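Below are the chains, spelled out letter by letter.
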Amino acid sequence: MKLSVYRIAANQHRTTCILDVKTENPTVKTFTFKDKICTRAKPGQFLMLWIPKVDEIPLSILDANEDGTVSVAVKKVGEATEALHSKKVGEVIGIRGPFGNSFTIKNGRILMVGGGTGIAPLLFLTKKLASKTAKLVFVMGAKTKEELMFIDELEELCSKGNVVATTEDGSYGVKGLATTPLETLLTKERFDMLYTCGPEQMMRKVFDLAEKHRIALEASLERLMRCAIGLCGSCVVGKYRVCRDGPVFTASQLREVKSEFGVSKRNFNGKKIPIV
Ligand SMILES: Cc1cc2nc3c(=O)[nH]c(=O)nc-3n(C[C@H](O)[C@H](O)[C@H](O)COP(=O)(O)OP(=O)(O)OC[C@H]3O[C@@H](n4cnc5c(N)ncnc54)[C@H](O)[C@@H]3O)c2cc1C
Ligand code: FES
């Protein structure tokens, strides 16, 4: 299928049934369904998931397999995600996508830093990279032990001792923020590429450290999304539309939007508000 035809097909609204619901932690559930078009999705891409009678929301793709099964990990934060969390196997949802660009696949020595549901696209990326890299270290951060996700899957994919978990309250792993062991790793070892996804203030710190240690970086950003195809302008960051130019941005692109990255975003009325 040609790229333009594929893009048109991706934006067509489809309905599908939920095949599986898995509770990952007290606020996150993974939903699995079949969708032929999303099967071609790459790590970093997202889909728009429609919850009938409620809303349509952007979600990163956690996994997409040749058999047509696709998964997303969803944190309950408001009306739409709460409605989705109440859905059971067999219930109908709507899908558009996959949208946006994806992480660049690199070999060599790889470092990943994920927080919250930002771990989802990085787990998808780890599955694609794990067998090809010289070294893969995954640093993940959460507020408490309960919030940590996908540790078993990541420990299976990365070799022993290469998954570093941090919790702010010290209930698991290293006490503190993910950026603390990250700084130690960057000081001690050389890495070829750093991928990050998670809360934007965390990603801004990761970006600043990557700049200091002169390491290439890609970060996946979140902004308010409506159309997901570059038309409405809801998702702008500087000169970029996150849905179309991103969600994955390189360090050189992030340098251009440094005054907004980790600092401000647009609300539903288009007003700039601080990222807290
Ligand atoms: C590219 C991308 C990938 C994402 N991937 C995931 C993921 O894998 N898992 C996950 O749990 N969440 C993900 N999100 C965030 C998710 O879209 C929001 O949490 C969800 O839209 C909240 O909807 P709500 O009605 O439950 O909450 P609301 O009460 O509407 O809002 C709660 C918070 O979510 C933000 N939000 C609301 N609507 C949108 C929207 N249309 N676009 C972006 N943010 C919104 C609001 O600004 C607010 O901060 C992603 C967002 C983007 C842009
Ligand atoms: S969501 Fe409409 S331009 Fe990005």
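The notes below deal with the structure included here. (Residues numbered from 1 in each chain as written. Chains lettered and ligands numbered in written order. Predicted model: local features only at pLDDT ≥ 70, side-chain atom pairs only at ≥ 80, totals over all residues. Heavy atoms only, no water.)

**Side note on the site of ligand 1**
- The immediate surroundings of ligand 1 are formed by 20 residues, with Pro-58, Ala-73, Lys-75, Thr-81 and Met-225 found nearest.
- Separating an oxygen atom of ligand 1 from a backbone N or O atom of Lys-75 is a distance of 2.7 Å.
- Starting from 850 Å² of accessible surface for ligand 1 in isolation, the protein chains cover 80%.
- Where the shell around ligand 1 is concerned, the elements lending two or more residues are β4 (55-60), β6 (69-75) and α2 (79-85).
- Considering each element in turn, the shell around ligand 1 owes the most residues, 4 residues, to β4.
- Taken together, the residues of the shell around ligand 1 sort by class into 11 nonpolar, 4 polar and 5 charged. (Near = heavy atom within 4 Å. Polar contact = N/O pair within 3.5 Å; in protein donor to acceptor, adjacent residues only side chain to side chain. Areas by Shrake-Rupley, 256 points an atom, 1.4 Å probe, with all protein chains shown as cover. Helix = DSSP H or I, 4+ residues; strand = E, 2+ residues; numbered from the N terminus. Nonpolar A, V, L, I, M, F, W, Y, C, P; charged D, E, K, R; others polar.)

**Examining the sheet that holds β4**
- Across the sheet, which stays open at both edges, the 7 strands sit in the order β4-β3-β7-β1-β2-β6-β5 with antiparallel pairing between neighbours. The sheet is open, and its two edges are formed by β4 and β5 (63-64), each paired on a single side.
- As judged from the 7 bridges shared by strand β2 (residues 28-34) and β6, these two strands associate in the antiparallel manner. Counterpart to Phe-33 in the pairing with β6 is Val-70. (Pairing = 2+ DSSP bridges.)

**Observations regarding helix α6 (residues 200-212)**
- Spanning 13 residues, α6 covers 18 Å between terminal C-alpha atoms, matching the ideal 18 Å at 1.5 Å per step.
- Looking at α6, one finds that the buried residues are Glu-200, Met-202, Met-203, Arg-204, Val-206, Phe-207, Leu-209 and Ala-210.
- Tucked inside the fold, the buried residues of α6 contact β8 (109-115), α5 (179-188), β12 (193-197), β13 (217-220) and α8 (251-256). (Expected span 1.5 Å × (residues − 1). Buried < 20%, exposed > 50% of the residue type's maximum accessible area, 1.4 Å probe, protein only. Contact = heavy atoms within 4.5 Å.)

**A word on the nonpolar core**
- Grouped together as the largest cluster of nonpolar side chains are 36 residues, with contacts concentrated most on Leu-111, Leu-194, Leu-217, Leu-221 and Leu-254.
- Listed by contribution, the elements that provide at least two residues to this core are β3 (46-51), β8, β9 (135-142), α5, α6, β13, α7 (242-245) and α8.
- Per-element accounting of this core gives the leading share, 6 residues, to α6.
- When neighbours within four sequence positions are excluded, Leu-254 is seen to be in contact with Phe-207, Leu-217, Ala-219, Leu-221, Phe-249 and Phe-261.
- Formed by 28 residues, the second largest nonpolar core is a distinct cluster that contains Leu-62, Leu-136, Met-149 and Leu-154. (Core = buried A, V, L, I, M, F, W, Y, C linked by side-chain atoms within 4.5 Å.)

**Concerning the sheet that holds β9**
- The strand order across the open sheet built from 7 strands is β11-β10-β9-β8-β12-β13-β16, with neighbouring strands paired in mixed fashion. Edge positions in the sheet fall to β11 (174-175) and β16 (248-250), since each of these pairs with one other strand and no more.
- Alignment of strand β10 (residues 163-167) against β11, held across 2 bridges, turns out to be parallel. The partner of Thr-167 across the bridge, within β11, is Lys-175.

**Some words on the side chain of Glu-260**
- With respect to the element layout, Glu-260 can be found in the loop between α8 and β17 (264-266).
- Once residues lying within four places of it in the same chain are set aside, the contact partners of Glu-260 are Glu-200, Arg-223, Val-236, Val-237, Gly-238, Lys-272 and Ile-275.

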